[in-house]
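# Coordinate inspection notes
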Amino acid sequence: MKQTLSTQRYSSPCGDLILASARDRLCLCDWSGKPCAGRNMRRLARLLDADFAERPSAVLEQARRQLDEYFAGARRTFGIRLLPMGTAFQLRVWDALLEIPYGETRTYKDIALRTGSPGGVRAVAQAIGANGISIIVPCHRVIGSNRSLTGFAGGLEAKAMLLETEGLGHFLPGK
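Residues numbered from 1 in each chain as written. Predicted model: local features only at pLDDT ≥ 70, side-chain atom pairs only at ≥ 80, totals over all residues. Heavy atoms only, no water.

## A word on the packing of helix 3 (residues 88-98) against helix 5 (residues 121-129)
Put simply, the rule is: Axes here refer to lines fitted to C-alpha atoms; in helices the fit is confined to the stretch in contact. Angles between the N-to-C directions go from 0 to 180 degrees. In DSSP terms, a helix is any run of H or I states spanning at least four residues, a strand is any run of E spanning at least two, and both are numbered starting from the N terminus. Angles are sorted into four bins: roughly parallel if under 35 degrees, roughly antiparallel if over 145, roughly perpendicular if 65 to 115, and oblique for all others. Only heavy atoms matter for contacts: two residues are in contact if any of them lie within 4.5 Å across the pair.
Helix 5 packs onto helix 3 with a crossing angle of 80 degrees between their chain directions and a minimal axis gap of 9 Å. Overall, the two elements helix 3 and helix 5 adopt an arrangement that is roughly perpendicular. Contacts between helix 3 and helix 5 pair Phe 89, Gln 90, Val 93, Trp 94 and Leu 97 from the former with Ala 123, Val 124, Ala 127 and Ile 128 from the latter.

Below you can see the structure in the form of structure tokens.
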């Protein structure tokens, strides 16, 4: 029997997000209108045998509240139960992202080493690109080996804004 995932929109200072919950857990926090969100929603629908309906849920309200606090500078960690859906490798990469402290960055190579894939920088980058729980699973904290901003599903401007929120404004263009 198909389940129905609850969804809501969230307007962040750096772009509109779509949130989704399943089984009392957050399974999506993605960039609305971007190709990544469509891919991640299709993956969730397939893996969870689910449809989507715009409706409230306690998890979505908790996510909205914690995102508001994060953008206001009052929250450094999130306390939301997550339901990431991906391959075993993707889950290892996303777990490594969760270990990056607020206000710090890591390189793709750092993540590759952390996940036991020292030669797998490209595979790590692809797994990071498939992260469907953006901001909360902090893929924005991953930068290039030369310390430059690199690809981000929400766009480089959004990535720079997220880093600035965390006190890393030196990554902003022109700073």
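## Regarding the sheet that holds strand 3 (residues 25-31)
Whenever strands of a sheet pair, they do so through backbone hydrogen bonds, lying parallel or antiparallel. Formally: When DSSP locates at least two bridges between a pair of strands, those strands are taken to pair.
With respect to topology, four strands assemble into an open sheet ordered 3-2-1-4, the strand pairing being mixed. What marks the edges here is a single partner per strand, and that holds for strand 3 and strand 4 (50-54). In this sheet, adjacent strand axes meet at a mean angle of 30 degrees when their direction is disregarded. Relative to strand 3, helix 1 (residues 35-48) is tilted by about 155 degrees, and along the sheet it contacts strand 1 (3-12), strand 2 (15-22), strand 3 and strand 4.

## Observations concerning the confidence of the model for the protein
The predicted coordinates should not be examined in detail at positions where pLDDT is low. Rule in force here: The pLDDT value tells you how sure the predictor is about a given residue, anywhere from 0 up to 100.
Overall, the prediction assigns the protein a mean pLDDT of 93, with 97% of residues at 70 or greater. Mean pLDDT across the elements of the protein bottoms out in helix 6 (residues 156-165) (92) and peaks in helix 2 (residues 58-71) (98).

## Re the packing of aromatic side chains
The geometry of an aromatic ring pair is captured by two quantities: the separation of the ring centres and the angle between the planes. Heads up, the condition is: Note on aromatic contacts: the rings of Phe and Tyr and the six-membered ring of Trp form a pair at centre separations within 6.5 Å, being stacked when their planes are under 30 degrees apart, edge-to-face when over 60 apart, and tilted otherwise. Accessibility here uses a 1.4 Å probe with only protein chains present; expressed as a share of the type maximum, an area under 20% marks a residue as buried, one over 50% as exposed, and anything in between as partly exposed.
Applying the stated criterion across every chain yields a total of four aromatic pairs. Ring centres of Tyr 70 and Tyr 102 lie 6.3 Å apart, and the angle between their planes is 85 degrees; on these two criteria the pair is classed as edge-to-face. Highlighted residues: Tyr 70 in helix 2 and Tyr 102 in the loop between helix 3 and strand 5 (106-107), separated in sequence by 32 residues. Judged by its relative accessible area of 0%, Tyr 70 falls in the buried class. A connected cluster of aromatic rings, assembled from ring pairs, spans Tyr 70, Phe 71, Phe 78 and Tyr 102.

## Overview of the pairing of strand 3
Here strand 3 lies mainly inside the structure; six of its seven residues are buried. Relative to strand 3, strand 2 runs antiparallel, the two sharing six bridges. Paired with Leu 19 across the bridge in strand 3 is Cys 29.

## Re the pattern of salt bridges
The condition that has to hold: Between Lys or Arg on one side and Asp or Glu on the other, a salt bridge is scored when a side-chain nitrogen of the former is within 4 Å of a carboxyl oxygen of the latter.
Evaluated as defined, the whole model comprises six salt bridges. Here Asp 51 ties to Lys 2 by a salt bridge, and the two come within 3.8 Å at their closest N and O atoms. Of this pair, Asp 51 sits in strand 4 while Lys 2 is found in the segment before strand 1, placing the two residues 49 residues apart along the sequence. Exposure remark for Asp 51: the relative accessible area of 38% places this residue in the partly exposed category. Classification of Lys 2 as partly exposed rests on a relative accessible area of 45%. One connected set of salt bridges, linked through shared partners, spans Lys 2, Asp 49 and Asp 51.

## Looking at helix 2
To keep things clear, this is the line we draw: Each residue after the first adds 1.5 Å to the expected span of a helix. Starting at the helix axis, one direction is taken to each C-beta atom, and the arc is that of these directions.
Between the first and last C-alpha of helix 2 there are 20 Å, a value that for 14 residues agrees with the 20 Å anticipated at 1.5 Å per step. For helix 2, every residue scored as buried is listed here: Val 59, Leu 60, Ala 63, Gln 66, Leu 67, Tyr 70 and Phe 71. Mapping the buried residues of helix 2 onto a view down its axis gives an arc of 135 degrees, with all of them on the same face. Lining the buried residues of helix 2 we find strand 1, strand 2, strand 3 and helix 6. Directly beyond the C-terminal end of helix 2, a positive phi value near 80 degrees is found at Gly 73.

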